[in-house]
Amino acid sequence: MFEQLSENLENVLKKLRGRGKLTEKNVSDGLREVRRALLEADVNYKVAKEFIASVKEKAIGQEVLKSITPGQQIVKVLHDELVDLLGLERSELELKGSPPHVIMVVGLQGSGKTTFVTKLGKQLRDKGRSPLLVGADVYRPAAKDQLKTNGSKVDLPVFVTEHNRVLDICAEAKQTARKNHYDVLILDTAGRLHIDEEMMDELSDVKQQMQPDEILFVADGMTGQDAVNAASEFLGYLDFTGVVLTKMDGDARGGAALSIRSVTGRPIKYMSVGESMDSLEPFYPDRLANRILGMGDVVSLVEKAQETIDEESAKKLNKKIQRNEFTLADFKEQLQQIKNMGPLDQLMDMIPGMGKMKRQGLSVDGSEFDKIEAIINSMTKEERNKPGIINGSRRRRIARGSGTSVGDINQLLKQFQQMKKMMQQMNKGKMKHQIPGLPI
Amino acid sequence: MRSAFQKLKSGLKKTHESVVGRIADVFSGRTKLDDELLEDLEEILIESDLGVDATMQLLDDLRDRASEIGEVDIGALQEVLQNEIKQLLSNGSHAVQPESQDGPQVIMVVGVNGSGKTTSIGKLAHQFKSKGKSVLIAAADTFRAAAMEQLENWADRANVDIIVNRKAKDPASVAYDAAAAAISRDVDVLIVDTAGRLHTQGNLMDELQKIHRVLGKQIENAPHEVLLVLDATTGQNAIMQARHFQKVVEIDGIILAKLDGTAKGGVVVAINRELDMPVKYIGVGEGIDDLQLFDPEQFAEALFY
Ligand SMILES: Nc1nc2c(ncn2[C@@H]2O[C@H](COP(=O)(O)OP(=O)(O)OP(=O)(O)O)[C@@H](O)[C@H]2O)c(=O)[nH]1
Ligand SMILES: Nc1nc2c(ncn2[C@@H]2O[C@H](COP(=O)(O)OP(=O)(O)OP(=O)(O)O)[C@@H](O)[C@H]2O)c(=O)[nH]1
Ligand SMILES: [Mg+2]
Ligand SMILES: [Mg+2]
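What you are looking at is a predicted structure, and each value in this text was computed from that prediction instead of being measured.

Peer 1: Explain the site of ligand 2 to me, please; I cannot follow it from the model alone.
Peer 2: Surrounding ligand 2, one finds 23 residues, the nearest of these being Lys117(B), Thr118(B), Thr119(B), Arg144(B) and Glu286(B). One finds residues of chains A and B in close proximity to ligand 2. Lys117(B) is positioned such that a nitrogen or oxygen atom in its side chain is 2.7 Å from an oxygen atom of ligand 2. Coverage of ligand 2 by the protein amounts to 96% of the 650 Å² it exposes when considered alone. In terms of residue count, helix 7 (residues 117-130) of chain B provides more of the shell around ligand 2 than any other element does, 4 residues in total. The class makeup of the residues in the shell around ligand 2 is 3 nonpolar, 12 polar and 8 charged.

What follows is the structure in structure tokens.
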């Protein structure tokens, strides 16, 4: 079933199954698809290339463990490497030395700095610190108002002045902190482009003067290939200490994180997942690795599948697919097996390719599945085996019987057709748009 | 005022050495379109955020052309590639033309968080104003902290009127008031700012639809233009953004903001492969003059610069 639901990767895995050792050839085939996934997740081209090369080296020649297939093993190696690269364990904020500590927050325009400053302040306060937010953005219209409003929402003190010199603002803020016993200053700086030398120099000056404990580079999680350029320039000027990945509440795959991590070597410390002042999370490399791969946790999926689906019926099913005899009855049986495996949405996330379908608007909640089952249940045996005969009046009958609409029936039949088409293509082993001979 | 291309070029100043004449580098000394050359091209296109599918298609086409031509003229192929990209981006009209119609022309601006909506509105208002149009802008972002103050600031700069309601919780009510004001003041153009929202947030997308509907209730066919603001640094997620916003409110065009950095904004090529969504303007800075008409040719050139 999983080969059918998923796209290319699983298809490749299928081909790889049942070989004793990972060879250059089967590893290359598998990694080609992985490369595509990485690029679609916005991992930088060069970063993806290097990453794949290193994984390839590690994978070739490995004995395939008894319990899993070569394909699974490749994905496992890759997944582990990805987690490794993203940072094995959580990297905490480090506030050393004597207070007031200084945290400087920097990044491109609109990446989410001001919002993050407030969220971080709130978290630190909740942990017993006494932070002061500092409005050090003198450029963006209403930047200080924004920080003030944010601060008052969560009852945090905000330092702003009429000054237009950032260094003066910072100096005064430090004095205020000393006087009023604030122990952490969080500086909200203006967004700027990494190629704007004057503006970048301003940040260097602030760093020089304030001697921050932490400099956090805030990066929009939706950033594309350019993430490497911005991050490495900011690193060059500021030698920042950590990264914050924002706007991860959407459907961005977040490949920028991998790019940034790999060109700067700096840990990702936080993930921002919303506009509300509570939506700040510590960073979990494992979760992001799954998200970037967009293939879910293939290993655990297949393991689960193996527990549930017995070999015999899997073989039978494969035969049917190869002969293009897959019917709605088989489809229903597969759905039931999936349901037996556990909570549906969780499973769907683990199925390779599903992430993509979700993004394309495919609904994956359990009720859809129940509906499909109800529809198939209302069909006669003949209809299940030969959906071609389901004409208008039959459709109306089935809709009535299953408590759905004719539109639902139409949709299911259409989806089933598409699925069969996909299976046929997979049987032919066709892959789209490939440049033959292009090295991975 | 510097031309967009100069801006784009100067944007690349820092990374100059590495990219100067990238395409020239790639093509020079090559006599055949082999895998190596294709891979170099692939790298350039992917690194411009065109995405895998668009890149593969362009390279497939290029290969076809190469075999058609038989003898490979590398220089010609470069042109083929650039032209193809240009063509993909040449659909539709470009500038937003204040139409001579009864009543105000209404422009609604949408996009994800922080993409550059409010700033682009300030610039756009300034452009219309400079052309002698009377402009009203509406602060229908009632959510983001100090969003109204920010837009007020831009209204001052552009010297145009603004409708704000600090007490309003419902952006549609602000839009409603703004449309009424636009009619009674008989302005030429009304531009409506909306809060940033991720395309995955269903309730907020519904809210957008509501604002859209409210505008149309008072002014016929309003909004006449819905502009989607994309951040040029955004990668493949921009395709999702375009697709989802398109579903909720018909998008007439894109403003590609922040193109003054080193990002190439190539994802608009991918978007235009799939959706009919012309890029109308590019944002090339934070100043009031930093909004330019989109030029597909320049853009295609800059990709390979
Ligand atoms: N959905 C979502 N929106 C976010 C997140 N973080 C910030 N935002 C929104 O993104 C937009 C920009 O955030 P800001 O905090 O103003 O960004 P900034 O980096 O300070 O911007 P500049 O100061 O102009 O450079 C606002 O609409 C925020 O509400 C997040 O994690 N998720
Ligand atoms: N360099 C550069 N910065 C820009 C451009 N357009 C906008 N910005 C900056 O990007 C940041 C966000 O811009 P806004 O106009 O506030 O974005 P928005 O989409 O209205 O943001 P929300 O309302 O929070 O969703 C600000 O710091 C702007 O100054 C541009 O073309 N170039
Ligand atoms: Mg800010
Ligand atoms: Mg705004």
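Peer 1: Explain the environment of Gln298(B) here, please?
Peer 2: All names here are of chain B. With respect to the element layout, Gln298 can be found in helix 13 (residues 296-304). Gln298 sits in the partly exposed class, given a relative accessible area of 24%. The spatial distance from the C-alpha of Gln298 to the C-alpha of Arg63 is 24 Å, given a sequence separation of 235 residues.

Peer 1: Can you help me understand a negative patch on the surface in this one?
Peer 2: The grouping of Asp196(A), Glu197(A), Glu198(A), Asp201(A), Asp205(A) and Glu286(B) at the surface amounts to a negative patch. Structurally, Glu197(A) is set in helix 9 (residues 197-210).

Peer 1: Please clarify how the interface of chain A and chain B should be interpreted in this entry.
Peer 2: When the parts of a complex come together, some accessible area is lost, and that lost area is often used as the size of the interface. Listed by partner, the interface residues are 49 residues for chain A and 49 residues for chain B. Carbon and sulfur atoms make up 53% of the surface buried where chain A meets chain B, a total of about 4,400 Å² over both sides. Run the count over chain A and chain B and you get 5 salt bridges. Of the charged contacts, one joins Asp53(B) and Arg36(A) as a salt bridge, the two residues approaching to 2.3 Å between their closest N and O atoms. In the side of chain A that touches chain B, the residues fall into 15 nonpolar, 17 polar and 17 charged.

Peer 1: What is the right way to read the sheet that holds strand 3 (residues 158-159) of chain A from this model?
Peer 2: In a beta sheet, neighbouring strands are held together by backbone hydrogen bonds and run either parallel or antiparallel to one another. All names here are of chain A. The mixed open sheet is built from 8 strands, whose spatial order is 3-2-4-1-5-6-7-8. Each end of this open sheet is capped by a strand with a single partner; those strands are strand 3 and strand 8 (280-282). Pairing of strand 2 (residues 131-136) with strand 4 (residues 184-189), which is carried by 6 bridges, proceeds in the parallel orientation. Residue pairing across strands places Ala136 opposite Thr189, the latter belonging to strand 4. Strands in contact with helix 7 (residues 143-153) are strand 2, strand 3 and strand 4; relative to strand 2, the strand with the most contacts, it is inclined by about 160°. Sitting on the sheet, helix 8 (residues 166-180) is in contact with strand 1 (101-107), strand 2, strand 3 and strand 4, with an inclination near 165° to strand 2.

Peer 1: Even after reading the chapter, I still don't get the site of ligand 1, so can you show me in this structure?
Peer 2: Residues and elements named next belong to chain A. Every one of the 23 residues lining ligand 1 counts as a neighbour, but Lys113, Thr114, Thr115, Arg140 and Ser272 are closest to it. Between ligand 1 and the protein, one listed contact pairs an oxygen atom with a backbone N or O atom of Gly110 at 2.9 Å. Between ligand 1 and the protein, one listed contact pairs an oxygen atom with a side-chain N or O atom of Lys113 at 2.6 Å. A per-element tally of the shell around ligand 1 places helix 6 (residues 113-126) first, with 4 residues. A class-by-class count of the residues in the shell around ligand 1 yields 3 nonpolar, 12 polar and 8 charged.

Peer 1: Can you walk me through unusual backbone geometry in this structure?
Peer 2: Working note: non-glycine residues mostly have negative phi, and peptide bonds are mostly trans. Here Pro99(A) and Pro100(A) are connected by a cis peptide whose omega angle stands at 0°. Among the structural elements, Pro100(A) can be located in the loop between helix 5 (70-86) and strand 1. Geometrically, the link from Ala222(B) to Pro223(B) is a cis peptide bond, its omega value of -5° lying close to zero. Mapped onto the fold, Pro223(B) is located in the loop between helix 10 (202-218) and strand 5 (225-231). In this model, His181(A) sits at a positive phi of 60°, which is unusual for a non-glycine residue. Positive phi, close to 65°, is recorded for Lys258(B), a residue that is not glycine. Along the chain, Lys258(B) turns up in the loop between strand 6 (253-257) and helix 12 (267-274).

Rules used in this analysis
- Residues numbered from 1 in each chain as written.
- Chains lettered and ligands numbered in written order.
- Predicted model: local features only at pLDDT ≥ 70, side-chain atom pairs only at ≥ 80, totals over all residues.
- Heavy atoms only, no water.
- Near = heavy atom within 4 Å.
- Polar contact = N/O pair within 3.5 Å; in protein donor to acceptor, adjacent residues only side chain to side chain.
- Areas by Shrake-Rupley, 256 points an atom, 1.4 Å probe, with all protein chains shown as cover.
- Helix = DSSP H or I, 4+ residues; strand = E, 2+ residues; numbered from the N terminus.
- Nonpolar A, V, L, I, M, F, W, Y, C, P; charged D, E, K, R; others polar.
- Buried < 20%, exposed > 50% of the residue type's maximum accessible area, 1.4 Å probe, protein only.
- Patch = residues over 30% accessible without salt bridge, like charges linked within 9 Å, V, L, I, M, F, W, Y side chains within 5 Å.
- Salt bridge = Lys/Arg side-chain N within 4 Å of Asp/Glu carboxyl O.
- Lys, Arg positive; Asp, Glu negative; His and termini not counted.
- Charge placed at Lys NZ, Arg CZ, Asp CG, Glu CD.
- Contact = heavy atoms within 4.5 Å.
- Buried area = accessible area lost by both parts, 1.4 Å probe.
- Pairing = 2+ DSSP bridges.
- Axes fitted to C-alpha atoms, helices over the stretch in contact; angles between N-to-C directions.

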